[in-house]
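Read off the chains here:
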Amino acid sequence: MLSIGDTFVLYLRTIGWALAVSVGFSLGTALAVWLFGIISVDIDEWAEIKNGNYGVAAIFVALIVMIGLLVMSVV
């Protein structure tokens with residue numbers, strides 16, 4: 001049986017990993033969206049999404065899901 005101190009250490013470790021994953025996911029997503037903006041210079045993605053262009057929105061969703069899968073596989 002684990003003592004209170006061991007349980008506390010495990011909780012802190014879990015919280016640390018959760019913070020690391022959230023930071024990695026947010027940085028990865030920001031980097032992917034920024035790079036996509038650099039690659040597609042001729043398109044204003046946010047204006048296209050506001051106009052109802054679901055193709056651009058699907059690309060953003062795919063970027064976010066792929067970054068999430070990459071971060072999940074690393075952790």
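To be clear, the structure that these remarks concern was listed above.
Residues numbered from 1 in each chain as written. Predicted model: local features only at pLDDT ≥ 70, side-chain atom pairs only at ≥ 80, totals over all residues. Heavy atoms only, no water.

Participant: Quick question: what am I supposed to make of the side chain of E45 here?
Facilitator: Position of E45 relative to the elements: it lies in helix α2 (residues 45-50). Although E45 is buried, it makes no salt bridge; K50 carries the closest opposite charge, 12 Å away. (Helix = DSSP H or I, 4+ residues; strand = E, 2+ residues; numbered from the N terminus. Buried < 20%, exposed > 50% of the residue type's maximum accessible area, 1.4 Å probe, protein only. Lys, Arg positive; Asp, Glu negative; His and termini not counted. Salt bridge = Lys/Arg side-chain N within 4 Å of Asp/Glu carboxyl O.)

Participant: Help me out: how do you make sense of the environment of S26 in this one?
Facilitator: Relative to the assigned elements, S26 resides in helix α1 (residues 4-39). Linking S26 and I64, residues 38 residues apart in sequence, is a C-alpha distance of 9.5 Å. A distance of 3.0 Å separates a polar atom in the side chain of S26 from the backbone oxygen of V23. (Polar contact = N/O pair within 3.5 Å; in protein donor to acceptor, adjacent residues only side chain to side chain.)

Participant: Explain a nonpolar patch on the surface to me, please; I cannot follow it from the model alone.
Facilitator: Together, L31, W34, L35, I38 and I39 give the surface a local cluster of nonpolar side chains, amounting to about 550 Å² of exposed area. Within the secondary structure, L35 is located in helix α1. (Patch = residues over 30% accessible without salt bridge, like charges linked within 9 Å, V, L, I, M, F, W, Y side chains within 5 Å. Areas by Shrake-Rupley, 256 points an atom, 1.4 Å probe, with all protein chains shown as cover.)

Participant: I keep staring at the packing of α1 against helix α3 (residues 54-74) and nothing clicks. Help me out?
Facilitator: Between two packed helices, what matters for the description is the angle formed by their axes and the separation of those axes. Where α1 contacts α3, the two axes come as close as 9 Å, and the packing angle between them is 145 degrees. Crossing of α1 against α3: the hand is right-handed. Listed contacts from α3 to V21, G24, F25, G28, T29, A32, V33 and F36 of α1 are I59, F60, L63, I64, I67, G68 and V71. (Axes fitted to C-alpha atoms, helices over the stretch in contact; angles between N-to-C directions. Left-handed = near helix turned anticlockwise from the far one by under 90°. Contact = heavy atoms within 4.5 Å.)

Participant: What is the right way to read the packing of aromatic side chains from this model?
Facilitator: The description of two aromatic rings rests on the distance between their centres and on the angle between their planes. Scanning all chains against the criterion turns up 2 aromatic pairs. Summarising the aromatic geometry, the rings of F36 and F60 are spaced 5.6 Å apart at their centres and angled 75 degrees between planes, so their arrangement reads as edge-to-face. Taken together, the positions of F36 in helix α1 and F60 in helix α3 put the pair 24 residues apart, joining distant regions of the chain. Ring centres of W46 and F60 lie 5.0 Å apart, and the angle between their planes is 10 degrees; on these two criteria the pair is classed as stacked. With W46 in helix α2 and F60 in helix α3, the pair connects residues that are 14 residues apart, well separated along the chain. Its relative accessible area of 7% is what places F60 among the buried residues. (Phe/Tyr/Trp six-rings, centres within 6.5 Å; stacked < 30°, edge-to-face > 60°.)

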